[in-house]
Amino acid sequence: MSLIFAAKLYNMTNRTFTMIKPDATEKGNTGGILQMINKAGFRIVAMKMTHLSKEKAGEFYAVHKERPFYGELVEFMSRGPITAAILEKENAVEDFRKLIGATNPANAEEGTIRKAYATSIGENAVHGSDSNENAAIEGDFFFSKLEQF
Ligand code: CMP
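None of the values given here were measured: they were computed from a predicted structure. Position labels on residues start from 1 in each chain and follow its written sequence. Restriction of local features to residues with pLDDT of at least 70 applies here, the model being predicted, together with a cutoff of 80 or more for giving and counting side-chain atom pairs; totals for whole chains, interfaces and linings are based on all residues. Side-chain numbers here rest on the full set of heavy atoms in the structure, without hydrogens or water.

Description of the environment of G139
Within the element layout of this structure, G139 appears in helix α8 (residues 132-142). Measuring from C-alpha to C-alpha, the distance between G139 and F17 comes to 5.6 Å, with 122 residues separating the pair along the chain. Here, residues are in contact when the closest pair of their heavy atoms is within 4.5 Å. For G139, the residues in contact, after removing those within four places along its chain, are F17, I86 and Q148. Secondary structure is summarised from DSSP: a helix means a run of H or I of at least four residues, a strand means a run of E of at least two, and numbering begins at the N terminus for each.

Describing the pairing of strand β3 (residues 82-88)
Throughout, exposure labels follow a simple rule: accessible area from a 1.4 Å probe, protein chains only, divided by the maximum for the residue type, with under 20% read as buried, over 50% as exposed, and the rest as partly exposed. Of all seven residues making up β3, seven are buried, and the element is well covered by its neighbours. Judged by which residues are buried, β3 turns out to be covered on both faces: I82, A84, I86 and E88 on one side and T83, A85 and L87 on the other are all buried. Sheet topology places strand β1 (residues 15-20) next to β3; six bridges connect them, and they run antiparallel. Looking at the pairing, F17 lines up with I86 of β3. Whether two strands pair depends on DSSP finding at least two bridges between them. Bridge count for strand β2 (residues 43-50) against β3 is seven bridges, and the pairing is antiparallel. The residue of β3 that forms the bridge with I44 is L87.

Section: the site of the ligand
Neighbouring the ligand are K21, Y61, H64, F69, E72, L73, R114, I121, G122, N124 and H127. Polar contact criterion, stated in full: a pair of N or O atoms within 3.5 Å, where within protein one must be able to donate a hydrogen and the other to accept it, and residues adjacent in sequence count only if both atoms are side-chain atoms. Between the ligand and the protein, one listed contact pairs an oxygen atom with a backbone N or O atom of I121 at 3.4 Å. Here N124 contributes a side-chain N or O atom positioned 3.3 Å from an oxygen atom of the ligand. About the coverage of the ligand: the protein hides 81% of its 460 Å² of free accessible area. The cutoff for a nearby residue is simple: one of its non-hydrogen atoms must lie within 4 Å of the molecule or strand. For every accessible area listed, the method is Shrake-Rupley and the probe measures 1.4 Å; residues are considered covered only by the protein chains on display.

As for unusual backbone geometry
Positive phi, close to 60 degrees, is recorded for N91, a residue that is not glycine. With respect to the helices and strands, the residue N91 is situated in the loop between β3 and α6 (92-100). With relative accessibility at 37%, the residue N91 sits in the partly exposed group. Of note, A125 is a non-glycine position whose phi angle comes to about 70 degrees, a positive value. Within the element layout of this structure, A125 appears in the loop between α7 (113-117) and β4 (126-128). A relative accessible area of 0% means that A125 is categorised as buried.

What to know about the pattern of salt bridges
Basic side-chain nitrogens of Lys or Arg form a salt bridge, by our definition, when they fall within 4 Å of a carboxyl oxygen of Asp or Glu. Inspection of the entire model under this criterion finds 10 salt bridges. A salt bridge links K48 to E147; the shortest N-O distance between them is 3.7 Å. With a gap of 99 residues between them, K48 in strand β2 and E147 in the segment after α8 connect regions that are remote in the sequence. Given the relative accessible area of 33%, E147 is considered partly exposed. The closest approach of N and O atoms between D140 and K145, which form a salt bridge, is 3.1 Å.

Section: the sheet that holds β3
If you walk across this open sheet you meet the four strands as β2-β3-β1-β4, and the pairing is antiparallel. Of all the strands in the sheet, just β2 and β4 have a single pairing partner and so form its edges. Averaged over all pairs of adjacent strands, the angle between their axes in this sheet comes to 15 degrees, without regard to strand direction. Here the axes come from fitting lines to C-alpha atoms, over the contacting stretch only for helices, and the angles between their N-to-C directions go from 0 to 180 degrees. Most of the contacts of α8 go to β1, to which it runs at about 55 degrees, and overall it touches β1, β2, β3 and β4.

In short, geometric facts, not functional conclusions.
And the structure:
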């Protein structure tokens, strides 16, 4: 294995992907959420604000295509601007899932982003990758390699 490849592999396993969703953008919570992310020790290595088309939102969440909430999810995620970012930290995927809290904010623990900012299971303020493999796929969905620092 070349050193460059090994370094890339190392970085990938210490990165996760997040989106600050349209509900949080609408309420002006982007800054507050980014502050929680930074305070928890994550380094932002890519970031952009964008507005997903229905087609792009559907593509991003294609894994949920057969779920009853898919249509609602696509409508919601294309409702307004989101902020997409790649975050770096040791054990990034797992630690970020802890920081965001349960999908349903009613079950989210005190101190989590969803406890502070989410309103429902659908409008839950942030997305976080569920595995290293998906973190890499989702990051590459939004950012070219040149945009990942
Ligand atoms: P996220 O972590 O972005 O991944 C999939 C999303 O689907 C999830 O957050 C929720 O926003 C949404 N979701 C999951 N379950 C439901 C549900 N029962 N009803 C509506 N949306 C849901």
